[in-house]
Each structure stands twice: as C-alpha cells, then as structure tokens.
Amino acid sequence: MIVRPVAARKRVALVAHDNKKADLLAWAAANREALAQHELCGTGTTGRLLAEHLGLPVTRFLSGPLGGDQQIGALIAEGLIDVLVFFWDPLEAQPHDPDVKALLRLAVLWNIPCASTPTGADHLFTSPLMTQSYPRTVPAAAEATEWPRPAPPGA
C-alpha cells in the first residue's frame, strides 16, 4: 500500500436509490452547511434533486442504471472522489445490481470512507477528519500511474 493525501475540502459523491432519495434529501438538508464545505457530485435525478433542494452546485452524472454508478466508480479509481454517501435500498432488487456492487467494491478497494444510512453519514460528517487533510492508503498499483489523475481535457 502507498499513502496519498486527501485535501481538507473533500470531493463527495452522493447517490440514492429511488426508495431512499427522500432519506438522502432530508439528511442533506439537515447537513447543508457541512456539505457546502465540499465539492459535491451525484448520479442523475439524485444530483438534480440535491442541487434544487440545497441550492448548492452538484456535478451530475448519468442515472445509476444508465452508467452513473460506473462513472462514479471510475472517478474513485482515478483518485477524484474522496467520500461516498450511497443510500441504497436493501429491500428492493435493482436492475443494475452488478453496477452497484462494483461501485461499493471500488470504494472499499480504494479505501474511500462510505456511508449508507443517515446515521452512518452523520458519524462520517461529524468526524474532524472531514475538514482536515488526511493521509489515505491506496493499493500499491496506484504507483504505476499519476494519481490523482488530472481532469480530462475540456472538463
């Protein structure tokens, strides 16, 4: 393993399945000030709803079933996402379950802090580490490439 620094201002991915969107929106509204300290992104409808409800900029990707989960997973592997808040529905089968599993696997592989419930997100966002630089260990394979990866041209 090698160590990579994570800045005090985190890049936070916010994702929620349909039956969990209301929970994520309620949690985000209650934690708006904490979220405002970070760079936010989200999948499709979740990203749009968060931007509308919070009045904060949220970079939007595709809807999860259309590839948004994979887009966020790729950014995690590129070193461009620092935190994942993913309110997933344990009672509903998803047509894109393999993508969901792949996203969660990448978050664990790249040692990204994750929260899947409002309580977990509360604990994560009240940690002093959320507003400090942090040395994060990443797989040794990361030494084979520039990491974090620079943004693509035109982005």
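Bear in mind that the values here come from a model prediction, so they are computed numbers and not experimental data. (Residues numbered from 1 in each chain as written. Predicted model: local features only at pLDDT ≥ 70, side-chain atom pairs only at ≥ 80, totals over all residues. Heavy atoms only, no water.)

K.L.:
I tried to follow the confidence of the model for the protein chain on my own but got confused; where do I start?
P.N.:
Interpretation of this model should avoid reading the predicted coordinates in detail wherever pLDDT is low. With 87% of its residues at a pLDDT of at least 70, the protein chain reaches an overall mean of 89. At the low end of the mean pLDDT range in the protein chain sits helix α5 (residues 97-109), at 87; at the high end sits helix α2 (residues 32-36), at 98. (pLDDT = per-residue confidence, 0-100. Helix = DSSP H or I, 4+ residues; strand = E, 2+ residues; numbered from the N terminus.)

K.L.:
Any chance you could explain the pattern of salt bridges here in plain terms?
P.N.:
As a working rule, side chains carrying opposite charge can pair if their charged atoms are close by. Tallying each qualifying case throughout the model produces 6 salt bridges. Put simply, D23 and K20 hold a salt bridge, and the shortest N to O gap is 3.8 Å. Look at K20 and you get partly exposed, because its relative accessible area is 22%. One salt bridge in this structure joins R32 and E33, with 3.4 Å as the shortest N-O distance. (Salt bridge = Lys/Arg side-chain N within 4 Å of Asp/Glu carboxyl O. Buried < 20%, exposed > 50% of the residue type's maximum accessible area, 1.4 Å probe, protein only.)

K.L.:
How should I be thinking about the sheet that holds strand β6 (residues 114-115) in this particular structure?
P.N.:
The strands making up a sheet are joined through hydrogen bonds of the backbone, oriented either antiparallel or parallel. Read across the open sheet, the 5 strands follow the order β4-β3-β2-β5-β6; overall the sheet is parallel. The open sheet has two edge strands with one neighbour each: β4 (58-61) and β6. Note: strand β2 (residues 11-16) against strand β5 (residues 83-87), 5 bridges, orientation parallel. Each bridged residue has a counterpart across the sheet, and for V12 the counterpart in β5 is V83. Contacting β2, β3 (39-43) and β4, helix α4 (residues 68-77) crosses the sheet at an angle of about 145 degrees to β3. Sitting on the sheet, α5 is in contact with β5 and β6, with an inclination near 145 degrees to β5. (Pairing = 2+ DSSP bridges. Contact = heavy atoms within 4.5 Å. Axes fitted to C-alpha atoms, helices over the stretch in contact; angles between N-to-C directions.)

K.L.:
Before we go on, may I ask you to explain the environment of Q37 in this structure?
P.N.:
Examined against the element boundaries, Q37 turns out to sit in the loop between α2 and β3. Distance from Q37 to M130, taken between C-alpha atoms, is 9.5 Å for residues 93 residues apart in sequence. For Q37, the residues in contact, after removing those within four places along its chain, are R9 and T131.

K.L.:
Would you mind showing me how to read helix α6 (residues 118-125) here?
P.N.:
Since the α-helix turns once every 3.6 residues, residues separated by three or four places project in the same direction. Here α6 has its buried residues at A121, L124 and F125. Along the axis of α6, the buried residues cluster in a sector spanning 85 degrees; they form a single face. Every exposed residue of α6 that faces more than 90 degrees away from the buried side is listed here: T119 and H123. Those residues of α6 hidden inside the fold are in contact with β2, α1 (21-30), α2, β5 and β6. (Arc of directions from axis to C-beta.)

K.L.:
Please clarify how unusual backbone geometry should be interpreted in this entry.
P.N.:
Most of the time, phi is negative for any residue but glycine, and the peptide bond is trans. Even without being a glycine, N111 presents a positive backbone phi close to 60 degrees. For N111, the location among the structural elements is in the loop between α5 and β6.

K.L.:
I would appreciate a short explanation of the packing of aromatic side chains in the present structure.
P.N.:
Each pair of aromatic rings is reported with the distance of its centres and the angle of its planes. Under the counting rule described, the total for this entry stands at 2 aromatic pairs. With centroids separated by 5.2 Å and ring planes inclined at 70 degrees, the aromatic side chains of W27 and F125 adopt a geometry described as edge-to-face. Highlighted residues: W27 in helix α1 and F125 in helix α6, separated in sequence by 98 residues. Classification of W27 as buried rests on a relative accessible area of 4%. The class for F125 is buried, based on a relative accessible area of 8%. Through pairs of rings, three or more aromatic residues link up here, namely W27, F87 and F125. (Phe/Tyr/Trp six-rings, centres within 6.5 Å; stacked < 30°, edge-to-face > 60°.)

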